Amino acid sequence: MVPRPGSRERPGSRARKRAKLALAHGSNEAVAAPPAVATPRDDERARRPERYAFAACDADHAETPRIAYEHLAPLLARLGARLGKAPSELRIYDPYYCAGSVVRHLRELGFSSVHNANEDFYARARARDLPPFDVLVTNPPYTSDHVERLLAFCAAVAQPCCLLLPSYVYTKPYYASGPFGALRPLFLVPPCRYKYRSPPGASNAAGAVRKSGSGSSGQVTAPFPSFWYLKLPEAERETVDGWWRADTLLGARQGACAGCVLARSPDEVPHAMRDAAD
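Student: Explanation requested: the packing of aromatic side chains in the structure shown.
Tutor: Two descriptors summarise a pair of aromatic rings, namely the distance from one centre to the other and the angle between the planes of the rings. All told, the structure shown has 16 aromatic pairs when counted by the stated rule. Judged by centre distance (5.8 Å) and plane angle (50°), the rings of tyrosine 142 and phenylalanine 224 are tilted. With tyrosine 142 in the loop between strand S3 (135-138) and helix H6 (146-156) and phenylalanine 224 in the loop between strand S7 (220-221) and strand S8 (226-231), this residue pair connects regions lying 82 residues apart in the sequence. A relative accessible area of 23% places phenylalanine 224 in the partly exposed class. Judged by centre distance (5.6 Å) and plane angle (85°), the rings of tyrosine 168 and phenylalanine 224 are edge-to-face. Here tyrosine 168, found in the loop between strand S4 (161-166) and helix H7 (173-176), pairs with phenylalanine 224, found in the loop between S7 and S8; they are 56 residues apart in sequence, far enough to count as distant. For the cation-ring pair, arginine 149 lies above tyrosine 122, with the distance from its terminal atom to the ring centre recorded as 3.6 Å.

This is the structure in structure tokens:
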């Protein structure tokens, strides 16, 4: 059957029509099954493994929105330039795996050398078998002691670390009196809360399957303010503030980074983005 001009046939519809005609006329001719058509939900589930290579809590699974990486991109490009590397050459390591969207988001922003795999970060760290990287960029699990362990790891490595964490972290004793807090990280604060998306089928903290938020690609959630905690080399920390305000970055701050604030201490974090107990 030839479709009418301007009409659009659904994938597999032609095969289904042939099958109906064959059955109607009593034909014994073998008819091939119509091809499976991937739905948006199927595509999302394909990115989320059936089994993780590490102990995982469903409530932790929420993918970082692209806008958070857009805000961070100018700083990543600067860190790469300091190393004499183009954005595509900068080796970025995200040790915590959810569904892998970080690789796609950063690649679309020009950072194509990103390691984010379904593997046990802690086991690799114990074995001293981590992939080589120039900068660590991650949004870690918030349950258990993951944040505390990550801060200890980042304080011990020489590379810059960009951690997307809740605002309440800077109020915790493990931060205020710990080795990471002693490094005086900077804070890259967005103008409003980031909205995270849980993969379809993930459960919430109470163990119930999360309902779809927008379409079939998972629930959107923004339970608290979050922003980038930036551990930078001391020399970089002392110059990045002037760089952020320089005319060379004016275009980015008027575009994707519009409204973002680079704070040198919790006191400079805008009140709307601070922890409620602060």
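And the narrative resumes.
Student: Would you mind showing me how to read the side chain of arginine 124 here?
Tutor: Here arginine 124 is to be found in helix H5 (residues 121-126). Discounting chain neighbours no more than four positions away, the residues touching arginine 124 are His115, Glu119, Asp129, Leu130 and Pro131.

Student: What is the right way to read H6 from this model?
Tutor: Structurally, the α-helix is built with 3.6 residues per turn, so residues lying three or four positions apart point the same way. Among the residues making up H6, those that are buried are His146, Val147, Leu150, Leu151, Phe153 and Cys154. Along the axis of H6, the buried residues cluster in a sector spanning 165°; they form a single face. On its buried face, H6 is in contact with H5, S3, S4, H7, helix H8 (179-182) and S8.

Student: Just checking my understanding: could you explain helix H4 (residues 101-108) for this structure?
Tutor: Within the sequence span of H4, burial applies to Ser101, Val102, His105 and Leu106. Along the axis of H4, the buried residues cluster in a sector spanning 125°; they form a single face. Residues of H4 that are buried sit in contact with helix H3 (66-82), strand S1 (92-93) and strand S2 (114-115). Where H4 terminates, the next one or two residues include glycine 110, which has phi positive at roughly 100°.

Student: Help me understand the sheet that holds strand S9 (residues 261-263), please; the structure alone is not making it clear to me.
Tutor: Strand pairing in a sheet relies on backbone hydrogen bonds, with the paired strands running either antiparallel or parallel. The sheet built from 7 strands is open, its strands ordered S2-S1-S3-S4-S8-S5-S9 with mixed pairing. For this open sheet the edge positions go to S2 and S9, each flanked by a neighbour on one side alone. Sheet topology note: the S1/S3 ladder contains 2 bridges and is parallel. What sits directly across from isoleucine 92, in S3, is valine 135.

Student: Could you clarify how one ought to interpret the nonpolar core in this entry?
Tutor: Note on soluble globular proteins: their nonpolar side chains tend to be buried together. One finds Leu72, Leu76, Ile92, Val137, Trp228 and Leu230 to be the most contacted residues of the largest nonpolar core, which totals 31 residues. Looking at this core, the elements with two or more residues in it are H3, H4, S3, S4, strand S5 (186-189), S8 and helix H9 (234-245). If one sorts the elements of this core by residue count, H3 sits on top with 7 residues. Listed in part, the 26 residues of the second largest apolar core include Leu151, Val157, Tyr175 and Tyr229.

Student: Can you walk me through the pairing of S3 in this structure?
Tutor: Regular strands have side chains that alternate between both faces of the sheet. Here S3 shows a buried face lined by Val135 and Val137 and a second buried face lined by Leu136 and Thr138. As judged from the 3 bridges shared by S3 and S4, these two strands associate in the parallel manner. Residue pairing for S4: leucine 136 is matched across the bridge by cysteine 161. The parallel pair S3 and S4, bridged by H6, forms a crossover whose chirality is right-handed.

Student: Can you walk me through the pairing of S5 in this structure?
Tutor: Burial along S5 is two-sided: the face carrying Leu186 and Leu188 and the face carrying Phe187 and Val189 are both buried. Inspection of the sheet shows S5 paired to S8 by 3 bridges, in the antiparallel sense. Paired with leucine 186 across the bridge in S8 is leucine 230. Of the strand pairs in this sheet, S5 and S9 are connected by 3 bridges, and their pairing is antiparallel.

Student: Can you walk me through unusual backbone geometry in this structure?
Tutor: Trans peptide bonds make up most of the peptide bonds, and negative phi angles are found at most residues other than glycine. Even without being glycine, arginine 128 reaches a positive phi, approximately 55°. Its location among the elements puts arginine 128 in the loop between H5 and S3.

Student: How should the packing of H3 against H9 be read in this particular structure?
Tutor: For any two helices packed against each other, one specifies the crossing angle of their axes together with the interaxial distance. Close contact between H3 and H9 brings their axes to 12 Å; oriented N to C, the two are set at 130°. It follows that H3 is oblique to H9 by the angle criterion. Note that H3 runs across H9; the crossing there is right-handed. Touching Pro74, Leu75, Arg78, Leu79 and Arg82 of H3 are Glu236, Thr239, Val240 and Trp243, all from H9. A per-class count over the contact of H3 with H9 returns 5 nonpolar, 1 polar and 3 charged.

Definitions and cut-offs
- Residues numbered from 1 in each chain as written.
- Predicted model: local features only at pLDDT ≥ 70, side-chain atom pairs only at ≥ 80, totals over all residues.
- Heavy atoms only, no water.
- Phe/Tyr/Trp six-rings, centres within 6.5 Å; stacked < 30°, edge-to-face > 60°.
- Helix = DSSP H or I, 4+ residues; strand = E, 2+ residues; numbered from the N terminus.
- Buried < 20%, exposed > 50% of the residue type's maximum accessible area, 1.4 Å probe, protein only.
- Lys NZ or Arg CZ within 6 Å of the ring centre and 35° of its normal.
- Contact = heavy atoms within 4.5 Å.
- Arc of directions from axis to C-beta.
- Pairing = 2+ DSSP bridges.
- Core = buried A, V, L, I, M, F, W, Y, C linked by side-chain atoms within 4.5 Å.
- Right-handed = clockwise from strand over helix to strand, strands pointing away.
- Axes fitted to C-alpha atoms, helices over the stretch in contact; angles between N-to-C directions.
- Parallel < 35°, antiparallel > 145°, perpendicular 65-115°, else oblique.
- Left-handed = near helix turned anticlockwise from the far one by under 90°.
- Nonpolar A, V, L, I, M, F, W, Y, C, P; charged D, E, K, R; others polar.

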